[in-house]
Amino acid sequence: MRSVLLDFCLVGRWPLLSWLLPMLLLLAPAVVAQPTTPATPNSLEEFLEAARQNSPLLRDLRGQVLQNRVDSLRRAAQNRPYVAGNAVAVAAPIARNFGYDEAVSNGGNYGTVASVSKPLLNGNVLRNDYRILENQGLALRNSGRLSTLDLRRSVTDQFLTAYAAEQLLAFSGEILTQLNQQDVLLRQLVNAGLYKQTQYLSYYLSVRSQEVTVQQNRLTYRRELGTLRYLCGVADTVLRPIEAPAPPTHHALAGLTSITQRQYTLDSLNLRLQRQAIDLGYRPRLQAVADIGLQSASLISIQRRFGISGGLQVSVPIFDGHQRQLGYSRLEVAELTRRGYRSFLTVQRQQLYDQLQGQLRATTQLLASLREQLRIANALVDASRQQLATGDLSILDYIQLITSTRNFQFSLTQAETDRLRVLYQLDYLSE
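All values derive from a computational prediction rather than experimental measurement.

Student: Talk me through the overall build of the chain; I want residue IDs and the actual numbers.
Tutor: The helix and strand tally for the chain stands at ten helices and four strands. Scaling as 2.2 N^0.38, a compact globule of 431 residues should have a C-alpha radius of gyration of about 22 Å, whereas the chain reaches 38 Å, well beyond that. Summarising its shape, the C-alpha atoms of the chain cover approximately 135 × 45 × 45 Å along the three principal directions. Expressed as a percentage of its 431 residues, the buried residues of the chain come to 34%. Within the chain, residue pairs in contact and separated by at least 24 positions form 80% of the contacts whose partners lie at least 6 positions apart. About 25,900 Å² of surface is accessible on the chain, with carbon and sulfur atoms providing 57% of the total.

Structure representation (structure tokens):
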């Protein structure tokens, strides 16, 4: 409200600002909103910043906020005196059996007049209009925060998907490297007669299968990274690793002050202001009117008919078909709808928060179990390499250990990604 009143005071004292200030406001985004993100973002924050800078929806909402400020200036201008120039030249010819009665038409009407009108005693209407415009501005800003939160949620979710794909690609590449290194030793052992050729062929097939897995994981990572760049509006197709996301701090559930709940608070305020606007619309309206110029019934004598007039104009509503009560009924229906949405959202957010808390505890326990199992599996793989070199372990058993380790790593990556998703969802619910 303070900013709206400040705009009104400035325009009232310096009329030049009434047309200059809107131009400055519209030029402001071109000066302020300069992209500062790198052309090739790698971290989550860089991708989020790129998405905020490139989002046309957020730009549109920022433009609507500026338009709302211009609307406040227009409302201030509507309360200032309105000056209009009017000219009229109407002839009413009269013949013997033709023409209007001269007492009605005066034979014609000629004139050029400048008129002025100014609303009076409308401070309550003006203040209520300013509050409506201010509430609309707050609603637009809150919509911008909601859109930013939704954009952050979708970009973060896709970033985590891409990061999980990258981790699987890196792990499958490590397994392939280890298998290729072990392949050299196995060939020597097969040539020495320690293992049969058929056993080595099974191992060879496992290596080729791992190569296919690496290629598939690379394609998956390329697809998920491309989707992430598509969401953020980043024109980049180079396949490069992305940085590991830092887990957010776990905050408590935000109540009625959250971004999503604030929208319904602003809607409630808007309904009250609309009701006040209905009441103010049925009060008498007073405005001062005046004119100055030339006006005459004869074109010949118009130069001698210079004059002025002035007075007050009062408008009092008497009956409009009960539109006032119908307006009240419409606002009551809107209020009931608003309460229903807000009540449902409150229960929904609490239920989702409790559910995520349970998922977080279960995922944390699962991670601890998977890390322990993966530690044991890696120890068995290290020991099996030594046994494989001495012929104490069959190649098929070694392949089975590698497969189990790969499955454990896959499950661990998925569980870590799920835990990060839960933490970020809890972080969203805290705003």
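There's more to say after this.
Student: Provide a residue-level description of the nonpolar core, including the pertinent values.
Tutor: The biggest cluster of nonpolar side chains holds 43 residues, and the ones touching the most others in it are F47, V155, L186, Y203, C232, I242 and Y398. Taken together, the elements giving at least two residues each to this core come down to α3 (44–54), α6 (123–191), α7 (197–232), α9 (323–390) and α10 (395–429). Discounting chain neighbours no more than four positions away, the residues touching I242 are N42, F47, F159, A162, Y163, E166, Y221 and L225. In terms of nonpolar packing, the next biggest core, distinct from the first, is built from seven residues, Y353, L423, L426 and L429 among them.

Student: Account for the environment of Y264, with residues named and values stated.
Tutor: Turning to its location among the elements, Y264 is positioned in helix α8 (residues 259–280). A relative accessible area of 18% means that Y264 is categorised as buried. Y264 sits 125 residues away from A139 along the chain, and the two C-alpha atoms are 9.4 Å apart. Ignoring anything within four residues of it in the chain, the contact list for Y264 reads R338, Y341, R342 and L345.

Student: Mind laying out the sheet that holds strand β3 (residues 285–296), listing which residues take part and the relevant values?
Tutor: The strand order β1-β2-β3-β4 describes an open sheet built from four strands, whose pairing is antiparallel. Of all the strands in the sheet, just β1 (82–91) and β4 (306–315) have a single pairing partner and so form its edges. Pairs of neighbouring strands in the sheet enclose a mean axial angle of 20°, with direction left out of account. Taken together, the ten bridges between β3 and β4 define a ladder with antiparallel strand orientation. In the sheet register, A288 faces β4, and the bridge partner there is L312.

Student: Break down the confidence of the model for the chain for me, citing the residues and quoting the values.
Tutor: Do not read the fine detail of predicted coordinates wherever pLDDT is low. A residue-level look at the chain finds 91% of positions with pLDDT of 70 or above and a mean pLDDT of 85. In this model, residues 1–35 is a region of pLDDT below 50 whose contacts with residues beyond four sequence positions or in other chains number 30 contacts.

Student: So what's going on with the pattern of salt bridges? Which residues, and what values?
Tutor: One pass over the full model with this rule turns up 18 salt bridges. Between E49 and R52 there is a salt bridge whose closest N-O contact spans 2.9 Å. Of this pair, E49 and R52 both sit in helix α3, three residues apart, roughly one helical turn. Residue classification places E49 among the partly exposed residues on the basis of a relative accessible area of 23%.

Student: Please provide a residue-by-residue account of helix α4 (residues 56–78), values included.
Tutor: Across its 23 residues, α4 extends 32 Å between first and last C-alpha, which sits within 8% of the 33 Å expected from 1.5 Å per residue. Residues of α4 that are buried: L58, L61, V65, L66, N68, V70, S72, L73, R75 and A76.

Cut-offs and rules
- Residues numbered from 1 in each chain as written.
- Predicted model: local features only at pLDDT ≥ 70, side-chain atom pairs only at ≥ 80, totals over all residues.
- Heavy atoms only, no water.
- Helix = DSSP H or I, 4+ residues; strand = E, 2+ residues; numbered from the N terminus.
- Rg over C-alpha atoms; globule rule 2.2 N^0.38 Å.
- Buried < 20%, exposed > 50% of the residue type's maximum accessible area, 1.4 Å probe, protein only.
- Contact = heavy atoms within 4.5 Å.
- Areas by Shrake-Rupley, 256 points an atom, 1.4 Å probe, with all protein chains shown as cover.
- Core = buried A, V, L, I, M, F, W, Y, C linked by side-chain atoms within 4.5 Å.
- Pairing = 2+ DSSP bridges.
- Axes fitted to C-alpha atoms, helices over the stretch in contact; angles between N-to-C directions.
- pLDDT = per-residue confidence, 0-100.
- Salt bridge = Lys/Arg side-chain N within 4 Å of Asp/Glu carboxyl O.
- Expected span 1.5 Å × (residues − 1).

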